[in-house]
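Single-letter residue listing:
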Amino acid sequence: MSFDLLGGLKGAIKEFFGFGGYKRTPEGYMSPQHLIFVSSLMAVMIALAVVLGLSMRKKDLSRKNRVIVVAAILMDALEIFKIVLLCFREHDPMNWRMNLPLFLCSIQLIALPVAALSRGRLKEAALDFVLIFGALGAVMGTYFAGQNYAAYPVFGFDNVVSGLTHAIAGFAAIYIGVSGMASLKKKNIPITFGILLFFCGAAFAANAIVDYNYMFLRRGDGTPYDIFYNLVGGNPVLYPMIVVGLFLLYITVFYLVSTPIKRKR
């Protein structure tokens, strides 16, 4: 009996991590399992961010920043573990090329540590960047991640780690907003633009080198970007310009709407 139990446990662990390929059929994009899983993550994310944010609201910046540091460490540790495991699982030491932090949501793997560890205007702009894109990336990378939930089981390593890292990014964004860490100064817009454009340029170059689709600059891959991809017939120039333009527009609108609200408060 103990050997059967041990064998079953090993099999479950092997299946969870996807070694040898998942035996289960993916439940599917927008399936009840998908929606329940990501909604649970979002509920926990929002609750923790609001409770911690309110409790830290009157603390000094140093105390507030500790939460961001922990979130950054946890998020990056999960992602590094995923990349290393996937290299072993796929028997490809170069698999990391397909897991670079060059998607809009995964940019937080770099932006969040910068926000936690930098100072001055760079810190302000990085905090704003996490606030602006963290929650958006969390929603896009969970509810609208058609490429993931159509390919892997909901409760499998790929989707669980992806869900957790996206939830941490969303947590950080909401926490920054609730705790009052965001500056949202218009003078920081060029720096925020620069952070985004730097990653877009890196993603565009990486796509050409490793033949991938970072930042969805080549196609929509089952995400809402497909709307714009189909609108321009997949034009290789117009489509990425539209995607980047929408990012910049979103940043501008966020600042223009948020700044007056912050001033009134």
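Residues numbered from 1 in each chain as written. Predicted model: local features only at pLDDT ≥ 70, side-chain atom pairs only at ≥ 80, totals over all residues. Heavy atoms only, no water.

### Considering the confidence of the model for the chain
And step 1. Of all residues in the chain, 95% attain a pLDDT of 70 or more, and the chain-wide mean is 89.
And step 2. Highest mean pLDDT in the chain belongs to helix H2 (residues 32–56) (96); lowest belongs to helix H1 (residues 2–17) (76). (pLDDT = per-residue confidence, 0-100. Helix = DSSP H or I, 4+ residues; strand = E, 2+ residues; numbered from the N terminus.)

### Let's talk about the pattern of salt bridges
And step 1. The full count for this structure, using the stated rule, is seven salt bridges.
And step 2. Ionic pairing is found between Glu-124 and Lys-185, a salt bridge with its closest N-O pair at 3.1 Å. Of this pair, Glu-124 sits in helix H5 (residues 120–140) while Lys-185 sits in the loop between helix H7 (157–179) and helix H8 (189–210); the two residues are 61 residues apart in sequence, bridging distant segments of the chain.
And step 3. In this structure, the salt-bridge partner of Asp-221 is Arg-219, at a minimum N-O distance of 2.9 Å.
And step 4. Asp-221 sits in the partly exposed class, given a relative accessible area of 29%.
And step 5. On the basis of relative accessible area, Arg-219 is assigned to the partly exposed category, the value being 34%.
And step 6. By sharing partners, the salt bridges in this structure join Arg-89, Glu-90 and Asp-158 into a single network. (Salt bridge = Lys/Arg side-chain N within 4 Å of Asp/Glu carboxyl O. Buried < 20%, exposed > 50% of the residue type's maximum accessible area, 1.4 Å probe, protein only.)

### A closer look at the nonpolar core
Within soluble globular proteins, side chains that are nonpolar tend to cluster in buried spots.
And step 1. Formed by 65 residues in total, the largest nonpolar core has its most connected members in Leu-196, Met-215 and Phe-247.
And step 2. Of all the elements in the fold, those that place two or more residues in this core are H2, helix H3 (61–89), helix H4 (108–117), H5, H7, H8 and helix H10 (238–264).
And step 3. Element by element, the count of residues in this core is highest for H7, at ten residues.
And step 4. Apart from the residues within four sequence positions on either side, Phe-247 is in contact with Leu-104, Phe-133, Leu-196, Cys-200, Met-215 and Tyr-225. (Core = buried A, V, L, I, M, F, W, Y, C linked by side-chain atoms within 4.5 Å. Contact = heavy atoms within 4.5 Å.)

### A closer look at H5
Given 3.6 residues per turn, any residue in an α-helix points the same way as the ones three and four places further on.
And step 1. For H5, built from 21 residues, the straight-helix expectation of 30 Å at 1.5 Å per residue is met to within 8% by its first-to-last C-alpha distance of 30 Å.
And step 2. The largest bend in H5 amounts to roughly 35 degrees and is located at Phe-133. (Expected span 1.5 Å × (residues − 1). Bend = angle between axes of the 7 residues up to and from the residue.)

### A few points about the packing of aromatic side chains
And step 1. This model, assessed by the stated rule, comprises 20 aromatic pairs.
And step 2. Summarising the aromatic geometry, the rings of Phe-103 and Tyr-214 are spaced 5.3 Å apart at their centres and angled 55 degrees between planes, so their arrangement reads as tilted. Of this pair, Phe-103 sits in the loop between H3 and H4 while Tyr-214 sits in the loop between H8 and helix H9 (226–231), and the two are 111 residues apart along the sequence. Both residues of the pair, Phe-103 and Tyr-214, belong to the buried class.
And step 3. Ring geometry for Phe-133 and Tyr-250: centres 5.5 Å apart, planes at 55 degrees, overall tilted. In this pair, Phe-133 sits in helix H5 while Tyr-250 sits in helix H10, placing the two residues 117 residues apart along the sequence.
And step 4. Take Phe-133: its relative accessible area is 0%, and that puts it in the buried class.
And step 5. A network of ring pairs unites the aromatic residues Phe-103, Phe-129, Phe-133, Tyr-212, Tyr-214, Phe-216, Tyr-225, Phe-247, Tyr-250 and Phe-254 as a single cluster. (Phe/Tyr/Trp six-rings, centres within 6.5 Å; stacked < 30°, edge-to-face > 60°.)

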